[in-house]
Amino acid sequence: QVQLVESGGGLVQAGGSLRLSCAASGSGFVINAMGWYRQAPGKQRESVARITTGGTTNYADSVKGRFTISRDGAKNTVFLQMNSLKHEDTAVYYCRLRFYSGGVYWGLGTQVTVSS
């Protein structure tokens, strides 16, 4: 069983910062990568940033230079530091785990709203 706890979303003015956290707990799984996705109203869910257990990161072009993903492997926790937020960053942000078995697990999401 996997439990995911996401936190850190909220309302912020354009140019501001937020830090999202996602903590995974449970047993019977081994995490290969953790990442953040987002879905804005009327749009498809898209990848924002991902990080593997080896520390390799990948970012969407739209967030490069503004967002930083990091992880605490010992605690199975991933963070997303979001700086210089723009109105177009407004979305529900979802944490996603990918397991070595090939399966994935999604969090319930946390709302990020950036006022212009």
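Computed from a predicted structure; not experimentally measured.

**Details of unusual backbone geometry**
Despite not being glycine, Asn76 has its phi angle at roughly 50°, a positive value. Summarising the element assignment, Asn76 is placed in the loop between β7 (67-72) and β8 (77-82). A relative accessible area of 24% places Asn76 in the partly exposed class. At Ser84, a position not held by glycine, the phi torsion is positive, near 50°. Relative to the elements of secondary structure, Ser84 occurs in the loop between β8 and β9 (91-99).

**Details of the nonpolar core**
With 30 residues, the main nonpolar core has Trp36, Leu80, Met82, Tyr93 and Leu97 as its most contacted residues. Where this core is concerned, the elements lending two or more residues are β1 (2-7), β3 (18-26), β4 (31-39), β5 (46-52), β7, β8, β9 and β11 (110-115). In terms of residue count, β9 provides more of this core than any other element does, 5 residues in total.

**Some remarks on the packing of aromatic side chains**
Within the structure shown, the criterion is met by 3 aromatic pairs. Judged by centre distance (5.4 Å) and plane angle (55°), the rings of Phe29 and Phe99 are tilted. Pair noted here: Phe29 is in the loop between β3 and β4 and Phe99 is in strand β9, with a separation of 70 residues, a long-range link. Under the relative-accessibility criterion, Phe99 is labelled buried at 10%. Both rings, one in Tyr37 and one in Trp106, keep their centres 4.9 Å apart while their planes meet at 70°; by these two values the pair is edge-to-face. Of the two residues, Tyr37 sits in strand β4 while Trp106 sits in strand β10 (residues 104-106), which places them 69 residues apart along the sequence. Take Tyr37: its relative accessible area is 12%, and that puts it in the buried class. The partly exposed category is assigned to Trp106, whose relative accessible area is 32%. Taken together through their ring pairs, the aromatic side chains of Tyr37, Tyr94 and Trp106 make up a single cluster. When the ring centre of Phe79 is taken as reference, the NZ or CZ atom of Arg19 above it lies at 4.1 Å.

**So, the side chain of Arg66**
As for its placement among the helices and strands, Arg66 is situated in the loop between β6 (57-59) and β7. Polar contacts involving the side chain of Arg66 include one to the side chain of Asp89, which spans 2.7 Å. Not counting residues within four places of it along the chain, the set of residues in contact with Arg66 comprises Gln81, Met82, Asn83, Ser84, Leu85, Lys86 and Asp89.

**Regarding the pattern of salt bridges**
For the structure shown, the criterion picks out 4 salt bridges. Two residues, Asp89 and Arg38, come together in a salt bridge whose shortest N-O distance is 2.9 Å. Here Asp89 is found in the loop between β8 and β9, whereas its partner Arg38 is found in strand β4, with 51 residues between them in sequence. Both residues of the pair, Asp89 and Arg38, count as buried. Here Arg66 makes a salt bridge to Asp89, at a shortest N to O gap of 2.7 Å. Note that Arg66 is positioned in the loop between β6 and β7 and Asp89 in the loop between β8 and β9, a separation of 23 residues in sequence. For Arg66, a relative accessible area of 10% translates into the label buried. The class of Asp89 is buried, set by a relative accessible area of 1%. Through salt bridges with shared partners, a single network forms among Arg38, Glu46, Arg66 and Asp89.

Rules and cut-offs
- Positions within a chain are numbered from 1, following the residues in the order the chain's sequence is written.
- Local features are withheld for residues below a pLDDT of 70 in this predicted model, meaning they are given only at 70 or higher, and side-chain atom pairs are given and counted only at 80 or more; totals for whole chains, interfaces and linings count all residues.
- Neither water nor hydrogens contribute to the side-chain values; these are computed over all heavy atoms in the structure.
- Under the DSSP-based scheme used, a helix requires at least four consecutive residues in state H or I and a strand at least two consecutive residues in state E, with every element numbered from the N terminus.
- Only protein chains enter the accessibility calculation, which uses a 1.4 Å probe; a residue is then buried when its area is under 20% of its type maximum, exposed when over 50%, and partly exposed in between.
- For this analysis, a nonpolar core means a set of buried residues of the types Ala, Val, Leu, Ile, Met, Phe, Trp, Tyr and Cys, connected via side-chain atoms within 4.5 Å.
- A pair of Phe, Tyr and Trp rings is counted when the ring centres sit within 6.5 Å of each other, with Trp represented by its six-membered ring. The angle between the planes then sorts it: under 30 degrees is stacked, over 60 is edge-to-face, the rest tilted.
- Here, a charge over a ring is recorded when the distance from Lys NZ or Arg CZ to the ring centre is within 6 Å and its angle to the ring normal is within 35 degrees.
- Distance and chemistry together define a polar contact, namely a pair of N or O atoms within 3.5 Å, with one atom able to donate a hydrogen and the other to accept it when in protein, and with adjacent residues in sequence counting only for side-chain atoms on both sides.
- Any pair of residues with heavy atoms lying within 4.5 Å of one another is described as a contacting pair.
- Counted as salt bridges are all cases of a side-chain nitrogen of Lys or Arg within 4 Å of a carboxyl oxygen of Asp or Glu.

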